Amino acid sequence: MSQGPRSGLYAVSSALLAMSRHLEVRDVLKTIVASARELLDARYAALGVPDDHGGFAQFVVDGVSDAQWKAIGPLPRQHGILAAMLHEARPERLADVRKDPRFEGWPAAHPDMSDFLGLPIRDGDEVIGALFLANKNRTKEKEKENQKDSSAPDGGCGFTEDDEELLTILAQHAAIALTNARLYERSRELTIAEERSRLAHELHDAVSQKLFSLRLTAQAAAALVDRDPARAKGELHQVAMLAAEATEELRAAVIELRPAALDEDGLVATLRTQIQVLDRAHSARVTFAGHGVRALPAAQEEAVLRVAQEALHNALRHSGAGRVDVTLEKRGTGTVLRVSDDGSGFEPTAIRAAGRHLGLVSMRDRSSGVGGTLSVESAPGKGTTIEMEVPGG
């Protein structure tokens, strides 16, 4: 089929496997474009997902540098050749796209393109995207051959019928991968919505009851202030306890929700951002360093983030630390989170008594729940180090 350097079944198989490894729509689009450009040995490739307003909801390119793409400007509209492929849902193979009567030009910073191969990506009768390739990398012999015979079946185009057939196969599988990615993202959105609904019920049932009790107790204290100050003082003490319990229940409920930033930015970026905020908000110096950690399964990333948040909360609220250092690094076949502070520390033999107060039980449960381990090192006046290790990364 293709005359590119990676022709044959192996190249096709590699491209299809690469597409199947991703679930995020943006990652799938990037993989499709990169696979198509490599498979057909083209200089440029792009994939556009149309919106309902004459433009593109997403447009991914390969072969164009970030600086070039920024200089090109806004995303293209659905016009010219692009519109023909989307609306007529047919392949386009051209010897020189610039000479086609439908060609309407491009921005000044746009790379110059000649031979062109475009194909709609279809899910049944619906066109869900369009795949474009330009500037076939041709040998000098092939270039001379095309110049001699521009009336050949391919019309002097570097892309052949075999290339078109190969791209058709890729586009069919791209449609499946893109549809699956969309379904995955939709199911994730529904899961988050269901989780938010569950939390709303929990907050209503737990925290609102505490707040109701707090209000009644405060009213009782106000009524007793003049005639029985001692009892009023006791009621106010109860108010403080109820307020603290309500705060803890609220914090426990909210912390269960997987943060959107973790899905959008990944574990390393999310940790770095949150720690930068903590560093600005507290007098203690809070630092973060991440070394060679790749993406982890979603459940593991969430567990690592929650343990880090709990350990940071302890260090900043209870230990009196002047410095807290957080690291996330690769170790053998696993990933290790370490949170170290120079605070007051505690006696390890008293860890059972302190465990629940410091959230250590919860941290251990989160670690073991994703196949990991948690260790705690501390001594009075010597600070505390909490280390969590999970497989992978």
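Relevant structure appears above.
Remember, predicted model here, so these are calculated numbers, not experimental data.

Caption draft 1: Quick peek at unusual backbone geometry. Even without being a glycine, Asp 41 presents a positive backbone phi close to 55°. Secondary-structure assignment places Asp 41 in the loop between α2 (25-39) and β1 (42-50). Phi at Asn 135 takes a positive value of approximately 60°, unusual for a residue other than glycine. In this fold, Asn 135 is placed in strand β5 (residues 126-136).

Caption draft 2: Focus on the layout of surface pockets. Here the second largest pocket is characterised by a volume of approximately 600 Å³. Lining the second largest pocket are 31 residues, with Phe 59, Pro 76, Leu 82, Trp 106 and His 110 positioned closest to its centre. Mapped onto the lining of the second largest pocket, the elements with two or more residues apiece are β1, β2 (56-62), α3 (66-72), α4 (80-88) and β5. Residue composition of the lining of the second largest pocket, by class: 23 nonpolar, 4 polar and 4 charged.

Caption draft 3: Highlighting the sheet that holds strand β10 (residues 384-391). Sheet architecture is open: 5 strands sit in the order β6-β7-β8-β10-β9, paired in mixed fashion. In the strand order of this sheet, the two ends are held by β6 (285-291) and β9 (373-378), each with one partner. Between one strand axis and the next, the sheet turns by 10° as a mean value, whatever way the strands run. In terms of strand pairing, strand β8 (residues 334-341) meets β10 through 8 bridges, oriented antiparallel. Among the inter-strand pairings, Thr 335 is bridged to a residue of β10, identified as Val 390. Strand contacts of helix α9 (residues 267-281): β6 and β7 (323-331), with the helix running at about 165° to β6, the strand carrying the most contacts. Along the sheet, helix α12 (residues 360-369) makes contact with β9 and β10, crossing β9 at roughly 145°.

Caption draft 4: Examining the sheet that holds β2 more closely. Overall, antiparallel pairing links the 5 strands, which are arranged β2-β1-β5-β4-β3 in an open sheet. Of all strands in the sheet, those bounded by a partner on one side alone are β2 and β3 (92-94). Averaged over all adjacent pairs, the angle separating strand axes in this sheet is 15°, with direction ignored. The strands touched by α2 are β1, β2 and β5; relative to β2, the strand with the most contacts, the crossing angle is about 40°. Packed on one face of the sheet, α4 meets β1, β2, β3, β4 (116-123) and β5 and runs near 140° to β5.

Caption draft 5: Structural detail: the pairing of β1. Of all 9 residues that make up β1, 7 are buried, and the element is covered over most of its length. When β1 meets β5, the two strands line up antiparallel, connected through 6 bridges. Counted as the bridge partner of Ala 46 is Phe 132 from β5. Pairing of β1 with β2, which is carried by 6 bridges, proceeds in the antiparallel orientation. Following the sheet pairing, Ala 45 is matched in β2 by Asp 62. Between the end of β1 and the start of β2, which pair antiparallel, lie 5 residues, with Gly 54 showing a positive phi angle near 85°.

Cut-offs applied
Residue positions are given per chain, counting from 1 as you read along its sequence in written order. pLDDT decides what is reported in this predicted model: residues at 70 or higher carry local features, side-chain atom pairs at 80 or more are listed and counted, and totals for whole chains, interfaces and linings draw on all residues regardless. The side-chain numbers reported here are obtained from all heavy atoms of the structure, hydrogens and water having been left aside. Here a helix means four or more residues in a row that DSSP labels H or I, a strand means two or more in a row labelled E, and each is numbered from the N terminus. Cavities and pockets are found on a 1 Å grid laid over the protein atoms alone: a cavity is a set of points where a 1.4 Å probe fits but cannot escape, a pocket is an open set with protein on both sides within 12 Å along at least five of seven lines, and a lining residue has an atom within 4 Å of such a point. Grid points are joined across faces, edges and corners, and a volume is the space filled by probe spheres set on the points. Any residue that is not Ala, Val, Leu, Ile, Met, Phe, Trp, Tyr, Cys, Pro, Asp, Glu, Lys or Arg is counted as polar, Gly included; the first ten are nonpolar and the last four charged. Note on pairing: two strands pair once DSSP finds at least 2 bridges between them. Between N-to-C directions, angles cover 0 to 180 degrees, with each direction set by a line fitted to C-alpha atoms, over the stretch in contact for helices. Note on definitions: a residue-residue contact is assigned when non-hydrogen atoms from the two residues lie within 4.5 Å. Buried residues are those whose accessible area, probed at 1.4 Å on protein chains only, stays under 20% of the maximum for their type, while exposed residues exceed 50% and partly exposed ones sit between those limits.

So far we have only geometry, and geometry alone does not tell us how the molecule works.
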